[in-house]
Every structure is written in C-alpha cells, then in structure tokens.
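Examination of the molecular architecture
Below are the chains, spelled out letter by letter.
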Amino acid sequence: MNIRTRLVAGSLSGLAVLAGAVAATSPAQAADAARVAAAEPVVQTGTLSADTALKIADAALKEAVKQKQRVTVVIVDRSGATRLVLKGDGAGPQTEESARRKAFTAVSFGRTTSELGKGIDGGGPSIADIPGTLFLGGGVPVASGGAPVAGIGVGGAPGGDIDESIAQAGLKAVAGQLR
C-alpha cells in the first residue's frame, strides 16, 4: 500500500468514525459539532465602550467621595488590558496597581474578588498563585449576555468591602444598559 492509498484510507476511516459519532448523538449535539467544525477564523467578542467605562468610573468615584474615600478606579477589558484609570484626589501611589489587579482578577474569573478570596486558605498552590491576581475585595466583573466583558477594580479604601461597594456603585450606574 503506497502513501497516497494510506492517506485516503485513513481519511475515509476517520470520516466513518466521525459519522458514527455524529449519528450516536442528538440532533442538537450534531449541530454543535457542525458549528465547531465550520468555526469562523475570526471570533467577535463584546467590548465595553469607552463611554460606558467612563460612566462606571465616574459613578464609582462619586460614591467614593460620598463615602469620603481616596481611591483609584481601574477598568480592564476581557483580556485584562487597562481601558481606563481614574485616580481620585488624594489616592495613594499603591492604589492604581491594587485596583488594576482586582479588576483583572474579577474579569478573569467572572466573580467578585471578595467572593474568590473566601476560597483561598493558604494550604498549598491555589488560584492566588496566578501572576497579576489580587484576591482582596474591590474587584467586580462586568457581564453582558452572560459573559464577562470587563472588570472594575477599586483600591485605596481601608477595607476591601468599602472598595467593593464603590465598584458596585459604578456597575449599578450602567446595569440597565448591559445586555
């Protein structure tokens, strides 16, 4: 058997196995398999608009002023890239980095950093070992269509619960606009 014959025979047997697998699945599973097989080479993802990021940050900073807190608000996109930094008057130099890491952590895991921090016990390797993450309260994911599209991070208040309440105020300002 020459190489060409082996390639054709191998391809045909692979198709036969695939056909058998598809036949053994439900129509919905077969449709999903067909979509995966015909996947587009470019995937479109949702991105928070600059205007919406500004609305979130503005509302968060107004809440911080109301609570007499000196904080920095950072918004990151789904990939963790910084989209916006808004440093409030009197915010310390460490606040930007902590806010960025909280935002990154929230969007990466799709949950608030306070919630994620509850699962960290220090008893061995954990998600807290992932570089760039911070599991202190103050990081809140922004979701659209059930998927995270951005993260809000607030740093600078004397407690993560305060930072988180400020981030939640920012999210609340646009909650009705997210689909």
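Since we're looking at a predicted model, the values are computed, not measured. (Residues numbered from 1 in each chain as written. Predicted model: local features only at pLDDT ≥ 70, side-chain atom pairs only at ≥ 80, totals over all residues. Heavy atoms only, no water.)

Notes on the pairing of strand β2 (residues 82-87)
In terms of strand pairing, strand β1 (residues 72-77) meets β2 through 5 bridges, oriented antiparallel. Among the inter-strand pairings, V76 is bridged to a residue of β2, identified as T82. Counted along the chain from β1 to the antiparallel partner β2, the turn is 4 residues long, and its residue G80 has a positive phi close to 95°. (Pairing = 2+ DSSP bridges. Helix = DSSP H or I, 4+ residues; strand = E, 2+ residues; numbered from the N terminus.)

Section: helix α4 (residues 95-109)
The end-to-end C-alpha distance of α4, which contains 15 residues, comes to 21 Å, matching closely the 21 Å that a straight helix rising 1.5 Å per residue would cover. What α4 keeps buried is the set T95, S98, A99, K102, A103, T105, A106 and V107. Against β1, β2, α5 (113-117), β3 (139-144), β4 (147-155) and α6 (160-172) lie the buried residues of α4. One or two residues past the end of α4 sits G110, with phi positive at roughly 70°. (Expected span 1.5 Å × (residues − 1). Buried < 20%, exposed > 50% of the residue type's maximum accessible area, 1.4 Å probe, protein only. Contact = heavy atoms within 4.5 Å.)

Topic: unusual backbone geometry
Non-glycine residue K68 carries a positive phi angle of around 60°. Locating K68 in the fold gives a position in the loop between α3 (50-66) and β1.

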